[in-house]
Structure formats: C-alpha cells, structure tokens
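Read off the chains here:
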Amino acid sequence: MSNYHQFDVIVVGAGGAGLMAALYASKTANTAVISKLYPTRSHTGTAQGGVGAALGNEGEDHPDWHTFDTVKGSDYLGDQDAIEFMCHEAVPAVYELEHMGLPFSRTEDGLIAQRPFGGHTNNITGKPVRRACYAADRTGHMILQTLYQQCIKNDVNFFDEFQVLDVLIENGAAAGVVALELANRELHVFHAKSVIFATGGHGRIWEITSNAYSYTGDGPAALLRRGIPMEDMEFFQFHPTGIYRMGILITEGVRGEGGILVNDKGERFMEHYAPTVKDLASRDVISRAMYLEMRDGRGINGKRYLYLDMRPETVNRYAALDGRKRPDGSPYVVTGEELLSKLPDIVDFARTYLGVDPVAQPMPVQPTAHYAMGGIPTNMYGEVVIDEANTVLPGLYAAGECACVSVHGANRLGTNSLLDLIVFGKHAGLRAAEYANGASFQTLPADPLEYANQQLDQILHSDGEEKVYVIGHEMKSVMFDEVGVFRTQEGMQKALEKIGELRERLKRVRKPDMGKVFNTELLDIWELGNLLELAEVTTVSALARTESRGGHAREDYPKRDDVNWLKHTLAWKRNGNIELGYKPVVITKFQPKERVY
Ligand SMILES: Cc1cc2nc3c(=O)[nH]c(=O)nc-3n(C[C@H](O)[C@H](O)[C@H](O)COP(=O)(O)OP(=O)(O)OC[C@H]3O[C@@H](n4cnc5c(N)ncnc54)[C@H](O)[C@@H]3O)c2cc1C
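We now turn to the structure provided with this report. Each chain has its residues counted from 1, running along the sequence as written. Given that this is a predicted model, residues contribute local features only at a pLDDT of at least 70 and side-chain atom pairs are listed and counted only at 80 or more, while totals for whole chains, interfaces and linings are drawn from all residues. No hydrogens and no water enter the side-chain calculation; it runs on all heavy atoms of the structure.

We now examine the environment of Pro584. Relative to the assigned elements, Pro584 resides in strand 22 (residues 577-584). The contact partners of Pro584, leaving out residues within four places of it in the chain, are Asp79 and His568. Here a strand is any run of E in DSSP of at least two residues, a helix any run of H or I of at least four, and the numbering for each starts at the N terminus. We call two residues in contact whenever any of their non-hydrogen atoms come within 4.5 Å of each other.

Right, here's the structure in full:
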C-alpha cells in the first residue's frame, strides 16, 4: 500500500523543536518528519530577538540567575526542576548551535553577542543583564536553517506538505498518525513506535496576533479529541509591541537596545509601573500597563496604541538618565547606523507596514497575542503525561510551543521559547528513539483512517450556508475583547456562549471547494474547528481560575492567590464537555514571592 509508511520515530512539525527532535532521534532510530509547511517556512523562522543562555559574554551572568528569573517571570507557576534543567542546559545548547555553524552576531572579541531582554536580571542588583544570544534580528531564521541543514545531512526523511489530522493510540500507547497529502488530498497512515508532536502554537484564536496563519493548534486539538488533557491553557501571552492593528511583532530587542514606550503625553510610563527595569519588565506586566494607559485615555491621540521610540536621540537621552553603560564601562550611546545593523528587519518592517522610519519616527504599537504557555502536558524528557499523577503515555512525546513542560508557567520570558525548543526538542528526540529501540509496533486498528475520514466527510458533505471567515472573525473578536489582556467572569461567559454558538454554526458551513489539489478551503474549515476547540478549553480554564497570575489577569480577582491556585490546570474533553483537574507545581528552591520589577 503506497499510502502506508513505517518509521521508528515520527516527528510532527518541522520548526525548531521538531527539527532538533528529529536530529537527535535520527542518530539511533529510523526517523521521519511530517510537516504541513515546507520546513523552513515554520514559525520559528520569524523569531527575531534571541535565544537565552547565561554565557556571560557581555557582563557577569549565571545559569542560576537565569533559573531564578524564569521562575519569577513564570509568576511561580513554572516547575522549578524543569526550569533549572533548561537554564543549565542552555549554555552547552547554544554552543552546540554555534558549532553547527549558526552565524551568531559577535562581540568585538569574536564571542557570541548578547543583548538585554525583559525580565533578564542581575539577581544581586536587579538591573538588566545581557543574556539574549542573537543573530541580528533573525535568530529564529538562522536556527531553523541550521537545524534543517543538519537534518538533511543526517538523512532524516521529510514528508513536506502533509497535514496530520489524527493520532492513533492503541493499547494505551502511541501507534502512529494519519496525514493528508496536500498535493492530492490523499490520506496516509504513518505507523510508528514513537510519535513526537512539535506543531507550534494556536495564537490565531485572537484578532490581533503576531502568529503565522499556520498557528491553528492542530496537534493539541487532535490529541484533545483522543482523550489527552491540555495543561494551563488559560495562560496565553500578549506581547507588548505588535504593529498597531496588524499585530506583526516588533521584537523586545528594540527595548533591549534602548527603545522606550511612550504615551500621548510623551511620558515614559513604564517608570511608574516597574521602577527598576522599566521598559524591560516582563511582558505580562508591560501589556497590562499599556492597556491601563490606553483605557485612561493616554493612548496616542486617545486611540488604542502607544509609541515605541527607538530614535537614537531618545535612546541616548534615557540611557544617560538610567546610567546605562556598555560592557566596557563607557556610557551607552548609539547611532542610527548601529541600530540599523542590529535590527535590520525591524527597520524594514516599520518602513513596509507602517510607512515609518523608526530611526527618525516612533512606531505605533499595541499588545498582540503571541505565545501559548499552555499545551500538551509533558515531563522534562518530552514524554506526554496524561493525568494529575503525571502518568506517561508510552511512545507519545511533545516539544516546543505546543507542549507544556512547564517551564514558562503563567508567563514566558523573552528568548526562553527558542531555548525550550532546542533543549526539550533534543531530549524528546533522545527519549523517543530510546523507547522505539526497545519497543515493538502496536497493531493498527482495522481502519486507521476512519476518524480522519469522518472529520473530512463532515465538511465535504456539509449543506449549510455559514461562511468560514465570518465564523473565524467572530471567534477572534470575542476572544480578543473578552479573553485577552484583562478578563472578567461576565466577559468570559459571554465568550464561552459565543464559542458554543460558533461551533454549532461551523457544522453548517458552506460546502467547500471539492478540488483535490491543495484544497486550502477544506483545511481552513478543519483548522477553524481546532481553534474553536482550543478557544473553549482556554476560556473554561480561565473562568475557573479565580485569581490573577502572569498572563491571566482578572479584573474581578486582581490578586494572585497562592493558597488556592498555586497549581496547574488540566483540561480534558469528555463526552463533549470540558472537565478540569489540577496538579501541583514543582517547587524546589524558590518559595513564591510577590513579583516586583
Ligand atoms: C513573530 C515571532 C517572534 C518570536 N521571537 C522569539 C524570540 O526572539 N525568541 C524566542 O525565544 N521566541 C520567540 N518567539 C516564539 C518562538 O519563536 C516560537 O514559540 C517557536 O519558534 C515555536 O517553535 P516550534 O518548533 O514549537 O513550532 P514552529 O516553528 O511553529 O513549527 C511548527 C511546525 O509544525 C508543523 N505543523 C503544524 N500543524 C501541523 C499538522 N497538522 N500536520 C503537520 N505539521 C504540522 C508546521 O508545518 C511547522 O513545521 C517568537 C514568535 C513569533 C510568532
């Protein structure tokens, strides 16, 4: 059967996490990667600012400081054993990328260059440190290209433009996946001993988002439908600086290089909200501050945006006021040329999308949906865990943004996602290969395609008149307004009702194009189903959590509540309903404290 394939390890997704997993799995096991996109088009390629590692190349830094910052940034919801593991693995992981040939930007001495980023601090003084290793503002692009080359060199098999629709679980263990070949609409069975999900995020749930069109949560949704819970889905990060109305990301690296946020009165308002690190506070803190400024009428011209100012005269004025120094102790003074060389893509984006030259004019920005802290629950070896007791589902793994280890807890620090990909992608790959080498293939069900076919048939035989883009728009708009930066019980209930209505309407969607070749309309409908599924889990989890923590800020419960809520949410889909459970946070060295920046 030409549409039947067998591999020891199947990796779903060819972003940073998937490629790192495949690279490591392929060292000892027959490995294939399935990707709905051509690999180097994965969202990892858009990551701009950097990858975090305490190399200490541009000032003192330590993996233990990185660990504490990540715990604090997570608002104490991250699992401290996993965080410590990641921050210590960071240093060799970045050098490994360097040795693979990744063209990092360099210091004058030829070391990997590092820039400040939000929440990265000297644990003694509380002042920013330079921890983000970068390749100009194209760090993710370079990681993706480097890892893809390594995978090709290592003979990893690639099935490009195949979209996974279903996961097969037999006898309580992973058995493979079912994928649609986009070029001809044929279904394929991939029989495997180990399956690693690395499908990225689901930020297309929200109206203003930095996320690629492909960020539709296919992996988590497929697993949810097969009985796997989702962890901490109420925690979704809004990045402070998306281009006004478009959401396209302006990296935190701009503020790392000295850019500041300004309101309509010309004030650097972050001074009031985070007096020590100001514009380099963690993202949840800044997004909320921006929202409050705009709500109180201090948006630019009273509108829903603020300015991000990286003009050299502004950067230099505030750097002098802050007493900012270069690593050699000299005062921090930048020129337009230097900013251009460190942030070339940002300058390009601002010119293209805003018609603004950021070296001469400030950029209009607003918070944009950016990163899923929640996702498929795993332990720190990438093994998927399916209940409150962290029981492992044999042969099933997840890594990258679709997974929840949890190292980001309630809020991720900038540069920790690229780090998460390379550290946990690697370990998921190693574990998956190790397991496959000791296990046999599960017997497949009589008709492995049944559930995937059923999902497609429902769409192809639909006889309604609802339009997919109208349903999508209504979801994005209610989620952005009601399950966004700030939340209330009333608003979220409204959103939940709307999602229920939209799920019903999606069943009556207008029949799509019946073509067999790259039928994107069919897949748009299937993907919208995934987004609605995850929007529901997000909202139900958020409604239950009656506190504010990290990216989950409730106006009706403004305080963090460690007595009742220092725990991870698990959400299952059972008989059409979302059921919630909870599991403890792993606390090793750091007892929860109030976060002050
Ligand atoms: C604009 C932007 C800038 C960012 N900048 C930074 C930064 O500077 N530093 C940082 O640490 N983080 C950054 N992040 C976050 C970080 O880049 C992402 O979280 C990370 O790259 C996700 O990697 P991944 O490997 O999990 O997924 P991706 O790179 O998105 O890859 C997902 C893969 O899954 C495949 N896939 C998805 N669904 C299916 C399916 N159904 N079937 C088959 N294949 C499927 C896709 O084809 C793709 O290959 C940024 C994110 C964005 C959006």
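The nearness test applies per residue and asks whether one of its heavy atoms lies within 4 Å of the molecule or strand. Contacts to the ligand come from 39 residues, most closely from Ser42, His43, Thr44, Tyr215 and Glu401. Between the ligand and Lys36, the relevant distance is 3.0 Å, taken from a nitrogen atom to a main-chain nitrogen or oxygen of the residue. Whenever two N or O atoms come within 3.5 Å, that pair is a polar contact, provided that in protein one can donate a hydrogen and the other can accept it, and provided that, for residues adjacent in sequence, both atoms are side-chain atoms. One nitrogen or oxygen atom from the side chain of Ser417 is found 2.8 Å from an oxygen atom belonging to the ligand. Secondary-structure elements contributing two or more residues to the shell around the ligand are helix 1 (16-25), strand 2 (31-35), strand 7 (162-170), strand 14 (363-372) and helix 12 (416-438). Element by element, the count of residues in the shell around the ligand is highest for helix 12, at 4 residues. Residues are grouped as follows: Ala, Val, Leu, Ile, Met, Phe, Trp, Tyr, Cys and Pro are nonpolar; Asp, Glu, Lys and Arg are charged; every other residue, Gly included, is polar. Residue classes in the shell around the ligand are distributed as 14 nonpolar, 21 polar and 4 charged.

The rule for a salt bridge is simple: a side-chain nitrogen of Lys or Arg has to be within 4 Å of a carboxyl oxygen of Asp or Glu. According to the stated counting rule, one finds 51 salt bridges in the structure shown. In this structure, Lys589 engages Glu84 in a salt bridge whose closest nitrogen and oxygen atoms are separated by 2.7 Å. Linking Lys589 in the segment after strand 22 with Glu84 in helix 3 (residues 80-100), this pair joins segments that are 505 residues apart in sequence. The buried label applies to any residue whose accessible area, calculated with a 1.4 Å probe on protein chains only, is under 20% of its type's maximum; exposed applies above 50%, and partly exposed to all values in between. A residue is classified by how much of its surface remains accessible, and Lys589, at 52% relative accessible area, is exposed.

This paragraph deals with the sheet that holds strand 14. With antiparallel pairing, the 4 strands of this open sheet are ordered in space as 11-14-13-12. Each end of this open sheet is capped by a strand with a single partner; those strands are strand 11 (236-243) and strand 12 (260-262). Sheet twist, expressed as the mean angle between neighbouring strand axes with direction ignored, is 45 degrees. Strands are labelled as partners when DSSP assigns at least two bridges between them. For helices, the fitted axis covers only the stretch in contact; all axes are lines through C-alpha atoms, and the angles between them, taken along N-to-C directions, range from 0 to 180 degrees.

A cavity here means a set of 1 Å grid points, computed over protein atoms only, where a 1.4 Å probe fits but cannot escape. A pocket is an open set with protein on both sides within 12 Å along at least 5 of 7 lines, and lining residues have an atom within 4 Å of a point. Grid points are joined across faces, edges and corners, and a volume is the space filled by probe spheres set on the points. Going through the model one piece at a time under the given rule, you end up with 2 cavities of 30 Å³ or more. Within this model, the largest cavity holds a volume of roughly 60 Å³. Every residue along the wall of the largest cavity is listed here: Phe236, Gln237, Phe238, Asp284, Ser287, Arg288, Asn411, Val485 and Gly551. Every element with two or more residues in the lining of the largest cavity is listed here: strand 11 and helix 8 (283-295). Taken together, the residues of the lining of the largest cavity sort by class into 3 nonpolar, 4 polar and 2 charged. Its boundaries defined by the atoms lining it, the second largest cavity holds a volume of some 30 Å³. For the second largest cavity, the full set of lining residues is Leu180, Glu181, Leu182, Arg185, Asn519, Leu522 and Leu523. Along the lines of polarity and charge, the residues of the lining of the second largest cavity split into 4 nonpolar, 1 polar and 2 charged.

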